[in-house]
Amino acid sequence: MSDTTATTRPNVTGTAPANGSSQRSGLSSDHGATTIADTVVSKIAGIAARDISGVHALGGGAARAVGALRERIPGGRTNHSQGVSVEVGERQAAVDIELIAEYGVPIADLASAVRRNVIASVERMTGLEVTEVNLEVSDVHLPEDDRDEEESAPRVQ
């Protein structure tokens, strides 16, 4: 039996393996089944990605702008799933993350660390098998970007 690699996104629908074996995960038993919402997986993945040193922020420019506005509203919360999209099946999940890297961090090492942490966190917390973690590095954060934001703030209130 030969193993073939598909160029399209892996099947995350939770269908039974092609070889006919029925694997039982911790999410289903004789007493019922547990389903995990996409938002749960995206929050876990977002928090895990942000935990890695060298990740400045998640999401593109528009998503970060909306997130900044949301946080400034009284009672507003941080959107932990910003910049993260997921596809969740019964037993598997696939994760796509858009991030901003800190300048000077080797991007290949950063990507590897983010993938490891996201896979470990999602699999440990949900019991789902993570089939892939795709990363898009959309920008590099420069130290002078912080100074520009500080200078534009009003000096008096």
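Model, not experiment: these values are computed from the prediction. (Residues numbered from 1 in each chain as written. Predicted model: local features only at pLDDT ≥ 70, side-chain atom pairs only at ≥ 80, totals over all residues. Heavy atoms only, no water.)

*Asks:* Got a sec to walk through helix H3 (residues 107–126)? Specific residues and values, please.
*Replies:* The terminal C-alpha atoms of H3 lie 28 Å apart, and with 20 residues this matches the ideal 28 Å at 1.5 Å per residue to within 8%. Those residues of H3 that fall on the buried side of the exposure criterion are Leu110, Ala111, Ala113, Val114, Val118, Ser121, Val122 and Thr126. For H3, the buried positions fall inside an angular range of 165° around the axis, keeping them on one side. Those residues of H3 that are exposed and angled more than 90 degrees off the buried face are Ala108, Asp109, Arg116 and Arg124. Buried residues belonging to H3 abut helix H1 (38–50), strand S3 (55–58), strand S5 (92–102) and strand S6 (129–141). The positive-phi residue at the C-terminal boundary of H3 is Gly127, with phi of around 80°. (Helix = DSSP H or I, 4+ residues; strand = E, 2+ residues; numbered from the N terminus. Expected span 1.5 Å × (residues − 1). Buried < 20%, exposed > 50% of the residue type's maximum accessible area, 1.4 Å probe, protein only. Arc of directions from axis to C-beta. Contact = heavy atoms within 4.5 Å.)

*Asks:* Lay out the confidence of the model for the chain in plain terms, naming residues and giving numbers.
*Replies:* When pLDDT is averaged along the chain, the result is 79; 67% of the residues meet or exceed 70. Ranking the elements of the chain by mean pLDDT puts helix H2 (residues 61–72) last with 55 and H3 first with 98. Ignoring residues within four places in sequence, the model shows residues 1–24, a span with pLDDT below 50, making 29 contacts including any to other chains. (pLDDT = per-residue confidence, 0-100.)

*Asks:* How would you explain the nonpolar core if you had to name every residue and give the values?
*Replies:* In this structure, Val95, Ile97, Val114 and Val118 are the most contacted members of the largest nonpolar core, which totals 25 residues. At the level of elements, H1, S3, strand S4 (84–88), S5, H3 and S6 are the ones that each hand at least two residues to this core. (Core = buried A, V, L, I, M, F, W, Y, C linked by side-chain atoms within 4.5 Å.)

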